[in-house]
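Descriptive analysis of the structure
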Amino acid sequence: MAEFFLELFSEEIPAGLQKNLREKLLEEFQNFFLDKSVKSKKSFSFSTPNRLIIVFEGLDKQIKILSEEIKGPKTNAPEQALEGFIRSNNIEKKDLFKNKTERGEFYFYKTKSKSLKTHDLLMEFVPKLLKNYQWKKSMKWGEFDLNWGRPLKSILSVFDKRVINFQFHHIFSSNSTYTDKDFEEKKKTFTDFKSYEKYLKKQGTLIDQDKRKELIKREFSKILNKKKLSIKDNPRLFDEVVNLVDNPNILLCSFDKKFLSIPKEILTLTMQSHQKYFPTFDNKDEITNEFLIVANKKDQKGLIKAGNESVVEARLSDAEFFWNKDKTQNLVKKVSDLKSMSFFKGLGTYFHKVQRMRKLGGMISDELLISKEKVELSASICKTDLTSDLVGEFPELQGVMGGYFSAHQGFDKDISLAITEQYLPIGLDSKTPKKPFSVALSVTDKIDTLVGFFGINEKPTSSKDPFALRRIAIGIIRTIIENKKNLKVNDLLSYSSSLYYDQGHSFTNQDSQKELHDFLKDRFRYYIKEKKIRLDIVDATISSFSINKLFSSFEKANSLNKIINNQVGLDITSSYKRASNILDSEMRNSKIEITNTTDPGIFKTDFEKNLYKKINEIKKYYSNIDNDENYEQSLSILASAKKEIFEFFDNVKVNEENETLRKNRLELINMLCKTFQNFINFQLLKTNNE
């Protein structure tokens, strides 16, 4: 048993590329050993900004390849086929023998068993595996042909304490590496991974990214607990910082408290996105003037802390200047500045967009029974923050800054909140607007965007969605459903389209309205599947789906999903399936045409009368309910029909010889099925035995 140890030393690999490098390259080596039947006991990979390490422990030193029979062409195949087989396998005709199989007689030859040294395999294949690695982003430098994430400086490659000699582009492998990333004249030889890891640890370098993460977490907790502070959970930033350092040292820094007058979103974004710092919050969840940084060495003289504090002060000074300037700019007057900002080619400017939104928002306000004037005003000024210096510096804050600007200038709280939340939600898990004016502006913005992009044929394809239209559609669906509203989406799509035409925009996609309907339907299917609704209930819901009743459709699916496996659900599905199966069976070979007319005057049994009465009770219930339907009650009422349904089928002969009676009984069953389908398309549900 032996150890394979590989280290690639390069200039600093960006944090975003490291995880993929260490995972994918390790996987390539694992697949290689598996393919070559080389067994190992353990394998792992580590990375630092400068180092990629791959280790396999307990590897076979050599492998034995057993002889096997290789099948060639049929014995009656053309001579050229036989010659090609001989040539491709580097054998002679005398090595062949014939053998009969189920498919006829074929030529075969038997390979010789042989032993291969793992060391020799690695010498041949390591450079090939490195060459095959696909970078998301790579670079070339100097006169070299090598494409790598960053300039590659050395390759340490050792198996069983011996160097695996090979050349990878301009680099020759060895058993040495640089021990100091800043002074590359310092090199040291290693013959195994443990001595390598131990040496670097003494130097303060933690090559194991998981250990770095745990160390940073522990040090964070010590400081935060002592100061009674907290930080916001940000896994992406945390993972990025872990991959930016190999000798983590945590420092608590601060900035001038005067900057706390700036909106906290600016402070947070400046520290997290621009500087990779962690802002802290007090026990009232208010941001403080202290922040944590992860340095890559000990700060013996306090220079690292001072330098980082100086950088933050400079950035926050700029932000403060922009904030004081932008917040005083009259938003109503700034609307005209949107005329110079293109929304998208073929869809006009942002000025055109807000004019469309103003009118579309007015239509939604009528449905939500809220002030049309306030919705139109919020739509008119909602994009003006795009012209501000702050949003130019921090594009992530569009909408948020508009909310701050409008609040500072004395606009109604509902308007300011609507502007702040206009882009929400931004996914399946993010916050959704809850206030009516926020709902109106959010849906207005998203519908205008969807209609425009579909109109000019800029639609998502199978894997590409450059304008995040799927996310926008989910945003509309979530906002409507989670606010328990049923908006007339079809009318909104149609009106939005007419507003584009009124502005002189012509759509190249004449089927955009139908495609949008299908697109939203598909996104609705995705949404309810993500809510863990049973797949047959999803299909049944989509089959009876109305885009104007998104909330109702979801609630029906959700309510049915909750009870589908208990007695109520079993009663409903068994009742409907028994009725629909008999109806399908009888109608399959029958010449009778169903006309949706049941004549109670020719009923011959009480079982028919009882079922007819029960159906009418359910129909009356449905005719009396409004938008506040209690879906659990609806399901309970459907389940209560099981007694009359089963008594009817147990005691009444449907396939009556008298054609008039047979037709009337089939009409009664059809009436029953259609009444059930007022709730959902039960035809697509599966019973437990299906």
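The rules behind the values
Residues numbered from 1 in each chain as written. Predicted model: local features only at pLDDT ≥ 70, side-chain atom pairs only at ≥ 80, totals over all residues. Heavy atoms only, no water. Helix = DSSP H or I, 4+ residues; strand = E, 2+ residues; numbered from the N terminus. Rg over C-alpha atoms; globule rule 2.2 N^0.38 Å. Buried < 20%, exposed > 50% of the residue type's maximum accessible area, 1.4 Å probe, protein only. Contact = heavy atoms within 4.5 Å. Lys, Arg positive; Asp, Glu negative; His and termini not counted. Charge placed at Lys NZ, Arg CZ, Asp CG, Glu CD. Pairing = 2+ DSSP bridges. Axes fitted to C-alpha atoms, helices over the stretch in contact; angles between N-to-C directions. Core = buried A, V, L, I, M, F, W, Y, C linked by side-chain atoms within 4.5 Å. Salt bridge = Lys/Arg side-chain N within 4 Å of Asp/Glu carboxyl O. Parallel < 35°, antiparallel > 145°, perpendicular 65-115°, else oblique. Left-handed = near helix turned anticlockwise from the far one by under 90°. Nonpolar A, V, L, I, M, F, W, Y, C, P; charged D, E, K, R; others polar.

1. Quick word on the overall build of the chain
From N to C terminus, the chain includes 25 helices and 17 strands. Relative to a compact globule of 690 residues, whose C-alpha radius of gyration would be 26 Å, the chain shows 36 Å and is clearly more extended. Taken along the three principal axes of its C-alpha coordinates, the chain extends 100 × 90 × 55 Å. Residue burial in the chain is summarised as follows: out of 690 residues, 48% are buried. If you take every contact in the chain between residues at least 6 apart in sequence, the share linking residues at least 24 apart comes to 69%. Distance between charge centroids for the chain: 3 Å, based on 115 positive and 97 negative side chains.

2. Section: the sheet that holds strand S16 (residues 278-281)
Strand order in the open sheet formed by 3 strands is S15-S17-S16, and the pairing between neighbours is antiparallel. Of all the strands in the sheet, the pair left with one neighbour each is strand S15 (249-254) and S16. On average, adjacent strands in this sheet sit at an angle of 30° to one another, irrespective of strand direction. Each of S16 and strand S17 (287-295) is contacted by helix H7 (residues 264-274), which is oriented at about 10° to S17, the strand it contacts most.

3. Let's talk about helix H19 (residues 535-543)
Within the span of H19, buried status applies to Asp536, Ile537, Val538, Ala540, Thr541 and Ile542. Of the surrounding secondary structure, the elements contacted by the buried residues of H19 are helix H18 (512-530) and helix H20 (550-563).

4. Describing the nonpolar core
Counting residues in hydrophobic clusters, the biggest one holds 125 residues, and the most contacted among them are Leu450, Phe524, Leu560, Phe676, Phe679 and Phe682. With 10 residues, the single largest contributor to this core is helix H15 (residues 436-455). Residues in contact with Leu450, not counting those within four places in the same chain, are Leu469, Ile472, Ala473, Ile476, Leu516, Phe519 and Leu520. In terms of nonpolar packing, the next biggest core, distinct from the first, is built from 36 residues, Leu25, Phe33, Leu121 and Leu130 among them.

5. Overview of unusual backbone geometry
The residue after Leu424, namely Pro425, is reached through a cis peptide bond having omega -10°. One can find Pro425 in the loop between helix H14 (413-420) and H15. One non-glycine residue with positive phi stands out, namely Ala468, at about 55°. In this fold, Ala468 is placed in the loop between H15 and helix H16 (469-482).

6. Brief notes about the pattern of salt bridges
Side chains carrying opposite charge are able to pair once their charged atoms draw close together. Applying the stated criterion across every chain yields a total of 36 salt bridges. One salt bridge in this structure joins Glu11 and Lys153, with 3.6 Å as the shortest N-O distance. Here Glu11, found in the loop between strand S1 (2-10) and helix H1 (15-35), pairs with Lys153, found in strand S9 (residues 152-159); they are 142 residues apart in sequence, far enough to count as distant. Overall, Glu11 belongs to the partly exposed group, its relative accessible area being 36%. A salt bridge links Arg478 to Glu482, with the nearest nitrogen and oxygen atoms 2.8 Å apart. You can see Arg478 and its partner Glu482 sitting in helix H16, 4 residues apart, about one turn around the helix. Classification of Arg478 as buried rests on a relative accessible area of 5%. One salt-bridge network, in which partners are shared between bridges, spans Lys353, Arg356, Lys383, Asp445 and Asp448.

7. Things to note about the packing of helix H22 (residues 606-624) against helix H25 (residues 659-676)
Any two packed helices are characterised by the angle at which their axes cross and by the distance between the axes. The N-to-C vectors of H22 and H25 enclose an angle of 30°; their axes lie 10 Å apart at closest approach. Taken together, H22 and H25 sit at an angle that is classed as roughly parallel. Considering only the axes of H22 and H25, their crossing is left-handed. Across from Glu608, Leu611, Tyr612, Ile615, Asn616, Ile618, Lys619 and Tyr622 in H22, the residues of H25 making contact are Arg665, Leu668, Met671, Leu672 and Thr675. Residues of the contact of H22 with H25, tallied by class, amount to 8 nonpolar, 2 polar and 3 charged.

8. A few points about the side chain of Asp448
Structurally, the position occupied by Asp448 is in helix H15. A relative accessible area of 1% means that Asp448 is categorised as buried. Beyond its immediate chain neighbours, meaning those up to four positions away, Asp448 contacts Phe343, Lys353, Arg356, Met357, Leu360, Ser496 and Tyr500.

9. Let's talk about the pairing of S9
Across the 8 residues of S9, 7 count as buried, placing the element largely inside the fold. Of the pairings in the sheet, the one linking S1 to S9 comprises 7 bridges and is antiparallel in character. Along S9, the bridge assignment pairs Leu6 with Ser157. Examined bridge by bridge, S9 and strand S10 (residues 162-163) share 2 bridges and lie antiparallel to one another. Note on S10: the bridge partner recorded for Phe159 is Arg162.

10. Digging into the packing of H15 against helix H17 (residues 489-502)
Relative orientation of the contacting elements H15 and H17 amounts to 65°, with a least axis distance of 9 Å. By the angle between their axes, H15 is roughly perpendicular relative to H17. In this structure, H15 crosses over H17, and the sense of that crossing is right-handed. Each of Ile447, Asp448, Val451 and Gly452 in H15 lies in contact with H17, whose residues at this interface are Leu492, Leu493, Ser496, Ser497 and Tyr500. Here the residues of the contact of H15 with H17 sort into 5 nonpolar, 3 polar and 1 charged.

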